[in-house]
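Close look at the chain arrangement
Listed below, chain by chain, are the residues.
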Amino acid sequence: MGDKIRADFFNPPIAELPLHYVRDWYFAAYDTGGVPRETWVYLLPRILEILASGEDIAAVGLEVSLERFDTGNAEKWSAREWQILDAFQRRYLRRNIEEGKDPLDDVLCMFALAGWPVPALLEQVAATPDEVLARKLWRDWCDGRVPGRESIWITAFWKSPGNSTVFDFYASPILRDRMEALTLDETTAADLVAKASAVVQVIEANTASGGC
């Protein structure tokens, strides 16, 4: 860390810890075994606040934001602490699916690297209404892409077998059938029919090519 920031890092009240201090902390080298629980407990409220505000914490990517401690392991926390963390995770993921700018896969990877089980995260995604999920997948996989270059987005930060697990979910017949059902439903709005159809095409193309 920068000398001036390091010298002053623990002086401001945690709620007022400057964003550029936090970013400098993420930029600095750290023990690959993780940070001490005491340090993480102290910083975590400010980190969660920054994430909730939509600000970028780590320059390398959203995915590493919570990985310096086993944040998603309920055994590391008291019942009340875990209740708060679990609620944050669920609300953050839901908001991302509904309106977030970050790719869904980046968010899933962030929580997975922090210790939340991938199957449990995917259960939350699967519980999303078809219309909402179709719009999110279209934004992630199709919006702004060169026609013919649309594809399932998988972040490079995944650790095996997480990348394969999430790809299998994205490319699953179940998800494909849900998206196709939207296109065949006469009550589906025309714009959503087009988006769901594009998502179906991406799933089919990735399945045919062998995927991730």
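Procedures and definitions
Residues numbered from 1 in each chain as written. Predicted model: local features only at pLDDT ≥ 70, side-chain atom pairs only at ≥ 80, totals over all residues. Heavy atoms only, no water. Helix = DSSP H or I, 4+ residues; strand = E, 2+ residues; numbered from the N terminus. Buried < 20%, exposed > 50% of the residue type's maximum accessible area, 1.4 Å probe, protein only. Core = buried A, V, L, I, M, F, W, Y, C linked by side-chain atoms within 4.5 Å. Contact = heavy atoms within 4.5 Å. Axes fitted to C-alpha atoms, helices over the stretch in contact; angles between N-to-C directions. Parallel < 35°, antiparallel > 145°, perpendicular 65-115°, else oblique. Left-handed = near helix turned anticlockwise from the far one by under 90°. Nonpolar A, V, L, I, M, F, W, Y, C, P; charged D, E, K, R; others polar.

We now examine the overall build of the chain. Helix and strand content of the chain: ten helices and zero strands. Ordered by position in the sequence, the α and β elements of the chain form the string α-α-α-α-α-α-α-α-α-α. By its C-alpha atoms, the chain is 60 × 40 × 30 Å across when sized along the principal axes. Across the 212 residues that make up the chain, the buried fraction comes to 45%.

The next subject is the environment of Gly72. Within the secondary structure layout, Gly72 lies in the loop between helix 3 (37-53) and helix 4 (79-99). Residues Gly72 and Gly100 lie 28 residues apart in sequence; the distance between their C-alpha atoms is 21 Å.

This paragraph deals with the nonpolar core. Judged by nonpolar contacts, the single largest core of 66 residues is most densely connected at Trp40, Ile47, Leu51 and Leu66. The leading source of residues in this core is helix 5 (residues 104-113), at eight residues. Ignoring sequence-local partners within four residues, the contact set of Leu66 consists of Trp40, Leu44, Ile47, Leu48, Leu51, Thr71, Met110, Phe111, Ala114 and Trp116.

The next point concerns the packing of helix 4 against helix 6 (residues 118-126). For the pair helix 4 and helix 6, the least separation of the axes is 10 Å and the interaxial angle reads 45°. Between helix 4 and helix 6, the crossing angle belongs to the class labelled oblique. Once helix 4 is placed against helix 6, the crossing between them reads as right-handed. Touching Gln89, Arg90, Leu93 and Ile97 of helix 4 are Leu121, Gln124 and Val125, all from helix 6. Looking at the contact of helix 4 with helix 6 residue by residue, the class counts come to four nonpolar, two polar and one charged.

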